[in-house]
Amino acid sequence: MQKRRPSGTDGSDFSYRMVVDSRYTKVAKGKSRLSVLIFAQAVIQLIGLLLTFLLKSEEGPNPLSISSASLGLVSLIIGELGRKRSRVSFLRVGMVASSIAILLSVFCIIKNNSVLEVINNATNREAKKFELLETARVLLGSLVQIFLISTIISLIGNMSPPKKAS
């Protein structure tokens, strides 16, 4: 069967037919990168939730730590919905909420003060290994959060319709 071509053309005008705006490819790449970052942040938050229950003290698990991990997971669900449905408002809410969750985690680490104890007393490292692991998790989560924020900001900029020149 012969391929049909529009009448009046020899096929050499293909470059003029459809031009895909570069922002659409940027959005696709940004969504892909955001998917990986959301997954990484979810794993980090789940590890944080697990460590929270492993580090429970005499009075029980730290409620601030539990609320931080819970807020982090909920914010990532909102961010994933925003990514899948291309909703800028969901992406913004997810970004702000996950940033608050990371800040709460940092506050828990500072309040716990166990890293300074380990630095001052090197013989206590084995007893404080979960606290050190929690500190490493928060630092890694903060680094991933920085990439997450920059990706979301870039994605929001590319998802917004272009401004018309006046």
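What counts, and where the lines are drawn
Per-chain numbering applies: the sequence of each chain, read as written, is numbered from 1 onward. In keeping with the model being predicted, local features are shown solely for residues with a pLDDT of at least 70 and side-chain atom pairs are shown and tallied solely at 80 or more, while totals for entire chains, interfaces and linings include all residues. Only hydrogens and water are set aside; all other atoms, that is, all heavy atoms of the structure, feed into the side-chain values. Secondary structure elements follow DSSP: runs of H or I of four or more residues count as helices, runs of E of two or more count as strands, with numbering from the N terminus. Expected helix span is computed as 1.5 Å times (number of residues minus one). Contact definition: two residues touch when any of their heavy atoms are within 4.5 Å. The term salt bridge refers to a pairing of a side-chain nitrogen on Lys or Arg with a carboxyl oxygen on Asp or Glu at a separation within 4 Å. Joining through side-chain atoms within 4.5 Å is the link that ties buried Ala, Val, Leu, Ile, Met, Phe, Trp, Tyr and Cys residues into a set, and such a set is a nonpolar core. Think of it in three bands: residues with accessible area under 20% of the maximum for their type are buried, residues over 50% are exposed, and the middle band is partly exposed, with areas taken using a 1.4 Å probe on protein chains only.

Going by the annotation in an unreviewed UniProt entry, the name recorded for the protein chain is Protein jagunal-like 1-like, with Melia azedarach given as the source organism.

J.: Requested: an account of helix α3 (residues 63–85), with residues and values cited.
T.: In a regular helix each residue adds 1.5 Å, so 23 residues correspond to 33 Å; α3 covers 33 Å between its end C-alpha atoms and thus fits that length. Elements in contact with the buried residues of α3: α2 (22–54), α4 (88–112) and α6 (129–159). Just downstream of α3, Ser 86 is the residue with a positive phi angle, here 55 degrees.

J.: Explain the pattern of salt bridges residue by residue, including any values.
T.: A full pass over the atoms with the stated rule returns two salt bridges. Between Arg 83 and Glu 80 there is a salt bridge, with its nearest N and O atoms 2.6 Å apart. Of this pair, Arg 83 and Glu 80 both sit in helix α3, separated by three residues, roughly a single helical turn. Linking Glu 134 and Arg 137 is a salt bridge whose minimum nitrogen-to-oxygen distance equals 2.9 Å. Residue Glu 134 and its partner Arg 137 are located together in helix α6, separated by three residues, close to a single helical turn.

J.: Talk me through the nonpolar core; I want residue IDs and the actual numbers.
T.: Ranked by internal contacts, the top residues of the largest apolar core, which has 14 residues, are Leu 34, Ile 38, Leu 91, Leu 148, Ile 152, Leu 155 and Met 159. Among the secondary structure elements, those contributing two or more residues to this core are α2, α4 and α6. Looking at this core, the element that brings in the most residues is α6, giving six residues. With near-sequence residues (within four places) excluded, Ile 38 lies in contact with Leu 76, Gly 79, Glu 80 and Leu 148.

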